[in-house]
Amino acid sequence: MSGVAQLVYGGTFDPVHRGHRACAEQACALFEGAVLRLIPCADPPHRRRPQASAEHRARMLELAFADWPAAHVDRREMRRAGPSYTVDTLRALRAEFGSEVPMILMLGIDAAVGLPSWHETEALARLSHLLVLQRPGIDAVPPYAQLGWSEAAAPEELLQSACGRIWQTPAPVSSASSTAIRAALGEGECSPVDLDPGVAAYIVRHQLYGAHGG
Ligand code: ATP
């Protein structure tokens, strides 16, 4: 297989937190040398609109990953009109990378559970591999085989082809969630423990999520 593996990590990141960072670290440890592409979702088709603007969310991502040379914040969904369908993003990336490069879509298990209802869900496995990250408290098993993904016996198997395999991590690495952080900020906490300090300062400076400087 030619080319460096590409990790594609999309989300609302409203705001980005230590759980996202822990998942990214876990993925980069599994797929050493991979490039990490962080893609803030502009208009999520399956959930209510994010609280912070896409530009604020992208800037917070840049702050949270500023020390990480292999991580890039990719604003392509912000430039595209209409709902931010993952299949459109993966098609555009596949056209850029070529047909041989292993491309690995990262999803938390809560998001993976919703895959059957995604736009053109049957096309996803022909575009990328899947890395599913465990989160605490979710036991459901998404129907990977039905969606076209075959289970790998080891993560390295994802590097041997361009798409179509799935690896699910065995245990959660973080219980952080943006919902909990938004709630804490709304209650007046300036720097919830699961926030990067630079991101916390940005939130206060821009008075996002009801935060107000102290
Ligand atoms: P919210 O609470 O607003 O739903 P979130 O914490 O789930 O937000 P998202 O930006 O929606 O954050 O997450 C982006 C991706 O990262 C999703 O696939 C999500 O499942 C995954 N993810 C987020 N937090 C974790 C975590 N602690 N462990 C594993 N996966 C996570």
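Rules of the game
Residues numbered from 1 in each chain as written. Predicted model: local features only at pLDDT ≥ 70, side-chain atom pairs only at ≥ 80, totals over all residues. Heavy atoms only, no water. Helix = DSSP H or I, 4+ residues; strand = E, 2+ residues; numbered from the N terminus. Rg over C-alpha atoms; globule rule 2.2 N^0.38 Å. Buried < 20%, exposed > 50% of the residue type's maximum accessible area, 1.4 Å probe, protein only. Contact = heavy atoms within 4.5 Å. Areas by Shrake-Rupley, 256 points an atom, 1.4 Å probe, with all protein chains shown as cover. Lys, Arg positive; Asp, Glu negative; His and termini not counted. Charge placed at Lys NZ, Arg CZ, Asp CG, Glu CD. Phe/Tyr/Trp six-rings, centres within 6.5 Å; stacked < 30°, edge-to-face > 60°. Lys NZ or Arg CZ within 6 Å of the ring centre and 35° of its normal. Near = heavy atom within 4 Å. Polar contact = N/O pair within 3.5 Å; in protein donor to acceptor, adjacent residues only side chain to side chain. Nonpolar A, V, L, I, M, F, W, Y, C, P; charged D, E, K, R; others polar. Core = buried A, V, L, I, M, F, W, Y, C linked by side-chain atoms within 4.5 Å. Pairing = 2+ DSSP bridges. Right-handed = clockwise from strand over helix to strand, strands pointing away.

Engineer: Any chance you could explain the overall build of the protein chain here in plain terms?
Structural biologist: Secondary structure assignment for the protein chain yields eight helices and seven strands. Taking 214 residues into account, the globule formula puts the C-alpha radius of gyration at 17 Å, and the protein chain, at 17 Å, falls close to it. Here the protein chain, with 214 residues, has 50% of them falling under the buried criterion. Summarising the internal contacts of the protein chain: among those between residues at least 6 apart in sequence, 74% fall at separations of at least 24. Only carbon and sulfur atoms are counted for the fraction: they give 52% of the accessible area of the protein chain, which is about 9,700 Å². Once the 19 positive and 23 negative side-chain charges of the protein chain are each reduced to a mean point, those two points are 6 Å apart.

Engineer: Explain the packing of aromatic side chains to me, please; I cannot follow it from the model alone.
Structural biologist: The description of an aromatic ring pair rests on the distance of the ring centres and on the angle between the ring planes. For the structure shown, the criterion picks out two aromatic pairs. Measuring from ring centre to ring centre gives 5.5 Å for Tyr9 and Phe13, while their planes differ by 90 degrees; the resulting arrangement is edge-to-face. Considered together, Tyr9 and Phe13 belong to a single accessibility category, that of buried residues. Both rings, one in Phe65 and one in Trp68, keep their centres 5.4 Å apart while their planes meet at 40 degrees; by these two values the pair is tilted. Seen from the ring of Phe65, Arg21 lies directly overhead, with NZ or CZ sitting 5.4 Å from the centre.

Engineer: It is not clear to me how the site of the ligand should be interpreted in this structure. Could you clarify?
Structural biologist: Around the ligand, the structure places 22 residues, and the nearest of them are Phe13, Arg47, Asp110, Arg135 and Thr179. In the model, an oxygen atom of the ligand is placed 2.5 Å from a nitrogen or oxygen of the Asp110 side chain. Isolated, the ligand exposes 590 Å² of accessible area, and the fraction of that covered by the protein chains is 93%. Put simply, the parts of the chain that give the shell around the ligand at least two residues each are strand S1 (6-11), helix H1 (18-30), strand S4 (103-108), helix H5 (109-113) and helix H7 (178-186). Its residues assigned to classes, the shell around the ligand shows six nonpolar, 12 polar and four charged.

Engineer: Sorry if this is basic, but what is going on with the nonpolar core here?
Structural biologist: In summary, soluble globular proteins display a tendency toward joint burial of nonpolar side chains. Counting residues in each nonpolar core, the largest one holds 37 residues, and the members touching the most others are Leu7, Leu36, Met60, Phe65, Met106 and Ile203. When neighbours within four sequence positions are excluded, Leu36 is seen to be in contact with Leu7, Tyr9, Ala24, Cys28, Phe65, Trp68, Ala70, Ala71, His72 and Met106. Listed in part, the 24 residues of the second largest apolar core include Val8, Ile39, Tyr144 and Ile166.

Engineer: Help me out: how do you make sense of the pairing of strand S7 (residues 165-168) in this one?
Structural biologist: Pairing geometry for strand S5 (residues 129-133) and S7, over three bridges, is parallel. Directly across from Val132, in S7, lies its bridge partner Gln168.

Engineer: How should the pairing of strand S2 (residues 35-40) be read in this particular structure?
Structural biologist: A regular strand places its side chains so that they alternate between the two faces of the sheet. Burial analysis of S2 places six of its six residues in the buried class, which makes it a mostly covered element. Where burial is concerned, the two faces of S2 agree: the one with Val35, Arg37 and Ile39 and the one with Leu36, Leu38 and Pro40 are both buried. Two strands pair when backbone bridges link them, and S1 and S2 are joined in this way by six bridges, in the parallel orientation. Directly across from Tyr9, in S2, lies its bridge partner Leu38. Viewed along the sheet, the connection from S1 through H1 into S2 turns out right-handed. Here S2 runs beside strand S3 (residues 71-73); their pairing, made up of three bridges, is parallel.

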